[in-house]
Each structure stands twice: as structure tokens, then as C-alpha cells.
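# Fold and geometry: a report
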Amino acid sequence: MLNDIEKVLYSEEDIRQKVKELGEQLTKDFAGRNPLVICILKGAFIFMSDLVKEIKIPLEIDFMAVSSYGQSTKSSGVVKIIKDLDVSVEGRNVLIVEDIIDSGLTLSYLIDVLEHRNAASVTVATLFDKPARRAVELQPHYKGYTLPDEFVVGYGLDYAEKYRNLPFIGVLKPEVYS
Ligand code: XMP
Ligand code: MG
């Protein structure tokens, strides 16, 4: 598995520090607001679990699974909710936790859905952002790292469902794709 990695972009220790900083900021900004923190499965599961440990105020969590890609590796803009939330977002301060924003189509659809369900506020925290590939206007409120236009794996992110368990974020060797 490690043989498939061309380079490590951010180590486990880099990410730990970044997640801690994000958590400290969110702790301040969401104090007294009892946020509903929503993990977008599957990619955000590791980021979510590390991040909530660094948010030191009362909060609730829930999970949502969406698919946007179908067969292709590019976003189609057609988003399907595969697993919906268990709780209502009405009147809640929602914090969406995403692994990576690419075209932004998945997230802009989700924000629309949550606003239509009358969330009091919808805030986005993403660990990674690839702004060069944006197809819609969308700025995350909180972000860990800005990435170049390279496909990355690890720390929850996959290629064909593999590599999610790598503790760092890295780029795959080109031969792995072919
Ligand atoms: P959009 O394009 O709608 O898609 O912003 C966001 C989703 O695309 C996936 N994605 C990636 N997954 N490495 C991955 O493992 C990447 O480099 C990458 N870029 C986008 C991811 O599932 C994200 O939620
Ligand atoms: Mg994925």
C-alpha cells in the first residue's frame, strides 16, 4: 500500500496540528450555539472524529452520505442522498464537515438542502480545498489546506475505496491509476 504513494503532502503530525488549530477556532466561534456537526461520509470520517475532539463545547453529531460521481471521476452535479440525517436541522446551527471541496457541486447542493430545511445557519469546514477546480462559487468558512489539482488519498480519502486508512495525505503514483 505504501509502495503506491508517490509523495506525502502532509504528515500525520502536520494534520494533527492543523486539526487542533481548526478546533480551537471553532470552539470560540460556536460557543453557546450547540452546533449540529454533520460528517459527510465516507471521506470525512477521520477528519470528523479528530476534529470533534478538539471542539471543546457541547455539540451534537450526525452523518450524511451522498454520491455525486456515478461512474466517472468528475462531479456530475447530480447529487444523491444515500443516507440522510437522523435529526431535524430546523433552527439548528449546522457545521458541515467535509474532507475535500473540488468542483463544489456536492456541497452547494447540500447547503441548499439544509437551508430549505430551515437550519438557523449553515457553516462549512473542510480539511482540503482545490479552488482551481471550482465549478460554482463556494468559499468554505474554515479550511485546513489548499491543494493543487492533484488527486490525493489517505486520512479518509480513497481511490477506488482504498487508502482511506493511511494516516497521512499523499499523491498516488500514476501507474496505480492505469
Ligand atoms: P465536488 O467536486 O462536488 O466533490 O466538490 C467533492 C468530493 O469529491 C471527492 N474528491 C476526492 N476524493 N481525492 C479523493 O479521494 C481527491 O483528490 C478528491 N477530489 C475530490 C471527495 O469525495 C469529495 O467529497
Ligand atoms: Mg471519494
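Above this text you will find the structure in question.
This report concerns the structure included in the present document. (Residues numbered from 1 in each chain as written. Chains lettered and ligands numbered in written order. Predicted model: local features only at pLDDT ≥ 70, side-chain atom pairs only at ≥ 80, totals over all residues.)

### Notes on the overall build of the chain
The cut-off we apply is this: Note on conventions: DSSP H or I runs of at least 4 residues are helices, E runs of at least 2 residues are strands, and numbering of each starts at the N terminus. Three exposure classes are used, based on other C-beta atoms lying within 10 Å of a residue's own C-beta, which is placed from the backbone: buried for 20 or more, exposed for 12 or fewer, and partly exposed in between. A pair of residues counts as a contact when their C-beta atoms, built from backbone coordinates, are separated by no more than 7 Å.
Secondary structure assignment for the chain yields four helices and nine strands. The principal-axis extent of the C-alpha atoms belonging to the chain is close to 50 × 35 × 25 Å. In the chain, buried positions account for 31% of the 178 residues. Excluding contacts between residues fewer than 6 apart, the proportion of contacts in the chain whose partners are at least 24 apart in sequence is 66%.

### Describing the nonpolar core
As a rule of thumb, soluble globular proteins bury nonpolar side chains together. As a reminder, the rule being used: Here a nonpolar core is just a set of buried residues of the types Ala, Val, Leu, Ile, Met, Phe, Trp, Tyr and Cys, joined wherever their C-beta atoms sit within 7 Å.
Ranked by size, the top nonpolar core spans 40 residues in total, and within it I38, F47, V94, I96 and V97 carry the most contacts. Among the secondary structure elements, those contributing two or more residues to this core are α1 (12–29), β2 (36–41), α2 (45–53), β5 (93–101), α3 (105–116), β6 (121–129) and β8 (152–153). Here F47 is in contact with V97, D99, L127, Y155 and G156, once residues within four sequence places are set aside.

### Remarks on the environment of Y159
If you trace the backbone, Y159 turns up in the loop between β8 and β9 (169–172). Note: C-alpha distance between Y159 and V19 (140 residues apart in sequence) is 23 Å.

### Thoughts on the pairing of β5
For clarity, the cut-off: Each pair of strands is called paired provided DSSP finds at least two bridges between the two strands. Viewed with both strands pointing away, a crossover whose connecting path from the first strand over the helix to the second turns clockwise is right-handed.
Where burial is concerned, most of β5 is hidden: eight out of the nine residues are buried. Judged from the four bridges that link them, β2 and β5 form a sheet pairing that is parallel. Across the sheet, I38 pairs through a bridge with I96, a residue of β5. Pairing of β5 with β6 involves eight bridges; the strand directions are parallel. Bridged to E98 within β6 is T126. Where the polypeptide runs from β5 across α3 and back to β6, its parallel neighbour, the crossover connection is right-handed.

### Details of the sheet that holds strand β4 (residues 80–83)
Put simply, the test is: For every element, the axis is a line fit to its C-alpha atoms; helices are fit only across the contacting stretch, and the angle between N-to-C directions ranges from 0 to 180 degrees.
The sheet built from six strands is open, its strands ordered β4-β3-β2-β5-β6-β7 with mixed pairing. Here the strands that pair on one side only, and so sit at the sheet edges, are β4 and β7 (142–146). Recorded for the sheet is a direction-independent mean angle of 30° between the axes of neighbouring strands. As paired strands, β6 and β7 are joined by four bridges and run parallel to one another. Bridged to D129 within β7 is T146. Running at roughly 160° to β7, α1 makes contact with β6 and β7 of the sheet.

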